[in-house]
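The residues making up each chain are set out below.
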Amino acid sequence: MARISVLVVDDSVVIRRLVSDVLATDQAIEVRGTAPNGKVALAKIPLLNPDIVILDVEMPVMNGLETLVALRALYPKLPVIMFSTLTERGASATLDALERGASDYVAKPANMGSVVASMEAVRAQLIPKIKSLTSRGLPVADLAAPSGMGSAVARPTAPARGGLIVKGPAARVDIVVIGVSTGGPDAVTTLISAVPSTFPVPIVIVQHMPPVFTALFAKRLDTKSALTVSEARAGDRPEPGTVLIAPGDFHLRLQANRGGVVAALDQGTPENYCRPAVDVLFRSAPEAYGAGVLGVVLTGMGSDGARGAGRIVDAGGSVIVQDQATSVVWGMPGAVVAAGFAAEVLPLDAIGRAIQARVLRNRSSVANRVGSRS
């Protein structure tokens, strides 16, 4: 099998060497070339014909955003992973890049203490993303779980197609919980921007992102949505018309108490190599809301959310997933489908309407009239 060819673009010789050395440890990947800036990279792409580009954000001559815009015009399908710093400036530039068509991003190591630790941090993030983004068309089993994670499959396999798969009770929906990873910022923005301000239940989201990124993403989403969007804090109450986003490096759980339901945050053990983890949120939601949970699993690598989707379905709720054609990576949604937990498999632009239809289905005629006017 041909190896995955990579072009590494970064103005730092040290970083180019570190990334090249990391990728050289995997026999399925080869670094076909490097470039110190975007101008050189654009000249090398037709010569090297890489399968994927690793692109620094801040570079002289031609920075990452400028390069990405030019690259997308010439090579609209070529996967691009942004290599960014864990700073507000780096996070902002990375979100700009994702809006302009970058496939995903990896944070540069900071304060790791040693070269070995830095290399391991990059390896753990970068290699799985390279393989996922260059493996479209592989069976769900190959995309669903990184090596050593185990399987989430506990139900019969369902076909990967649009439409109804598993019939379930039409319980009244009291909360929508969303899990998403690779390709998530665009997918979530598309989904949430389609929801009206009159939406009668809260939305809670786990997007796989590091600290700083989640806060900035919440602020951006708030400006593009009719709903009120914020990064979740401990003790926040999910309210109708609001969206809470799990903060980077913290699991988010929903807990019922005498005053209602509140958000609880913790830095417990990562699940599916993730913190925040979708499974953590999805497990907690039916404990707080019973059958009144509608789960949504959007584009993302791995299988985070599949086990939690089973908890939602077992409690009487239902789960909608994004289809393969509109997903950047069909790992997370595909794992839910393979486990037999998906009530519907829909293209991204249809999911917002499906959510609203389910939320309004068992509400009063007044609620339905409000929704129809929005």
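Attention here is on the structure that accompanies the text.

## What about the nonpolar core?
In step 1: Of all hydrophobic cores here, the largest spans 58 residues; its most connected members are V176, L298 and I355.
In step 2: A per-element tally of this core places helix α12 (residues 348-361) first, with 6 residues.
In step 3: In contact with L298, not counting residues within four places along its chain, are I178, G179, V180, A187, V188, L191, Q322, M332, P333, L348 and I351.
In step 4: V177, L252, V319 and V345 belong to the second largest nonpolar core, which has 33 residues in total.

## A word on the packing of aromatic side chains
In step 1: The tally for this structure, following the rule as stated, stands at 1 aromatic pair.
In step 2: Between the aromatic rings of Y105 and F213, the centroid separation amounts to 5.0 Å while the plane-to-plane angle is 10°, which identifies the pairing as stacked. With Y105 in strand β5 (residues 104-107) and F213 in helix α8 (residues 213-224), this pair connects stretches of sequence that are 108 residues apart. Each member of the pair, Y105 as well as F213, carries the same accessibility label: buried.
In step 3: We note K129 situated over the ring of Y105; from NZ or CZ to the ring centre the distance is 5.0 Å.

## With respect to the pattern of salt bridges
In step 1: Per the stated rule, a full pass over the model turns up 18 salt bridges.
In step 2: The closest approach of N and O atoms between E30 and R32, which form a salt bridge, is 2.9 Å.
In step 3: Look at R32 and you get partly exposed, because its relative accessible area is 37%.
In step 4: A salt bridge links E120 to R123; the nearest nitrogen and oxygen atoms lie 2.8 Å apart. One end of the pair, E120, and the other, R123, are both in helix α5 (residues 115-133), 3 residues apart, so they sit about a helical turn from each other.
In step 5: For R123, a relative accessible area of 33% puts it in the partly exposed group.
In step 6: A network of salt bridges, in which partner residues are shared, links D96, E99, R220 and K224.

## Digging into α5
The periodicity of an α-helix, 3.6 residues per turn, causes residues three or four positions apart to be oriented the same way.
In step 1: Compared with an ideal rise of 1.5 Å per residue, which puts 19 residues at 27 Å, α5 spans 26 Å between its outermost C-alpha atoms and is within 8% of the ideal.
In step 2: Along α5, the largest kink reaches about 30° and is centred on R123.
In step 3: Looking at α5, one finds that the buried residues are S118, V122, L126, I127, K129, I130, S132 and L133.

## Notes on the pairing of strand β14 (residues 318-322)
In step 1: Taken across its 5 residues, β14 has 5 buried, putting it largely inside the fold.
In step 2: Going residue by residue along β14, you find S318, I320 and Q322 tucked away on one face and V319 and V321 tucked away on the opposite face as well.
In step 3: Bridge count for strand β13 (residues 293-297) against β14 is 4 bridges, and the pairing is parallel. Across the sheet, L294 pairs through a bridge with S318, a residue of β14.
In step 4: In this view, the connection linking β13 to its parallel neighbour β14 by way of helix α10 (residues 306-314) has right-handed handedness.
In step 5: Considered for its hand, the β-α-β crossover made up of β14, helix α11 (residues 332-338) and strand β15 (residues 344-346) is right-handed.

## Comments concerning the packing of helix α1 (residues 13-24) against α5
In step 1: Two elements in contact, α1 and α5, have axes whose closest approach is 9 Å; the angle formed by their N-to-C orientations is 65°. Between α1 and α5 the crossing geometry is right-handed. Each of L18, V19, D21, V22 and L23 in α1 lies in contact with α5, whose residues at this interface are S118, M119, V122, R123, L126, I127 and I130.
In step 2: Across the contact of α1 with α5, the residue classes break down as 9 nonpolar, 1 polar and 2 charged.

## A short note on the sheet that holds strand β1 (residues 4-9)
In step 1: Taken in spatial order, the 5 strands of this open sheet run β2-β1-β3-β4-β5, and their pairing is parallel. A single partner strand is all that each edge strand has here, and the edge strands are β2 (29-35) and β5. Put simply, the sheet's adjacent strands are angled 25° from each other on average, direction ignored.
In step 2: On top of the sheet, α1 reaches β1, β2 and β4 (80-84); it is set at about 165° to β2, its chief contact.

## Points about the environment of G352
In step 1: On the secondary structure map, G352 appears in helix α12.
In step 2: For the pair formed by G352 and A194, sequence separation is 158 residues and the distance between their alpha carbons is 6.2 Å.

## Looking at the side chain of D323
In step 1: With respect to the secondary-structure elements, D323 resides in the loop between β14 and α11.
In step 2: Setting aside anything within four residues of it in sequence, one finds D323 in contact with W330, V345, L346 and P347.

## Structural notes on unusual backbone geometry
In step 1: That bond from R275 to P276 is cis: its omega, 10°, falls within 30 degrees of zero.
In step 2: Tracing the backbone shows P276 in the loop between β12 (260-266) and α9 (278-289).
In step 3: You will see that N272, though not glycine, has its phi angle at about 55°, which is positive.
In step 4: With respect to the secondary-structure elements, N272 resides in the loop between β12 and α9.
In step 5: For N272, a relative accessible area of 13% gives the class buried.

## What to know about α8
In step 1: Here α8 spans 17 Å end to end across 12 residues, near enough to the 16 Å set by a 1.5 Å rise per residue.
In step 2: The set of residues buried in α8 consists of F213, T214, L216, F217, A218, R220 and L221.

The rules behind each value
Counting restarts for each chain, with residues numbered from 1 along the sequence as it is written. Totals for whole chains, interfaces and linings use all residues, but because this is a predicted model, local features are given only for residues with pLDDT of at least 70 and pairs of side-chain atoms are given and counted only at 80 or more. Hydrogen atoms and water are omitted, and side-chain values are computed over all heavy atoms in the structure. Grouping buried Ala, Val, Leu, Ile, Met, Phe, Trp, Tyr and Cys residues that are joined through side-chain atoms within 4.5 Å yields what is termed a nonpolar core. Burial classes: relative accessible area under 20% of the type maximum marks a residue as buried, over 50% as exposed, and values in between as partly exposed (1.4 Å probe, protein chains only). Secondary structure elements follow DSSP: runs of H or I of four or more residues count as helices, runs of E of two or more count as strands, with numbering from the N terminus. The contact criterion used throughout is that any non-hydrogen atoms of two residues lie within 4.5 Å. Side-chain rings of Phe, Tyr and Trp, where Trp is taken by its six-membered ring, are said to pair if the distance between their centres is within 6.5 Å; with planes under 30 degrees apart they count as stacked, over 60 as edge-to-face, and otherwise as tilted. In our convention, an over-ring charge means Lys NZ or Arg CZ found within 6 Å of a ring centre and within 35 degrees of that ring's normal. Any carboxyl oxygen of Asp or Glu that lies within 4 Å of a side-chain nitrogen of Lys or Arg is treated as forming a salt bridge with it. Working rule for helices: expected span equals 1.5 Å times residues minus one. The term bend refers to the angle at a residue between two fitted axes, each drawn through seven residues, those ending there and those starting there. For two strands to count as paired, DSSP must find a minimum of two bridges between them. Clockwise travel from the first strand over the helix to the second, with the strands pointing away from the viewer, marks a crossover as right-handed. Every angle, taken between N-to-C directions, lies between 0 and 180 degrees, and every axis is a line fitted to C-alpha atoms, over only the stretch in contact when it is a helix. The sense of a crossing depends on the near helix, which, turned anticlockwise from the far helix by less than a right angle, makes the crossing left-handed and, turned clockwise, makes it right-handed. Under the grouping applied here, Gly and all other residues not named as nonpolar or charged are polar, the nonpolar ones being Ala, Val, Leu, Ile, Met, Phe, Trp, Tyr, Cys and Pro and the charged ones Asp, Glu, Lys and Arg.

Everything listed here is a matter of coordinates, which is why it stays silent on function.
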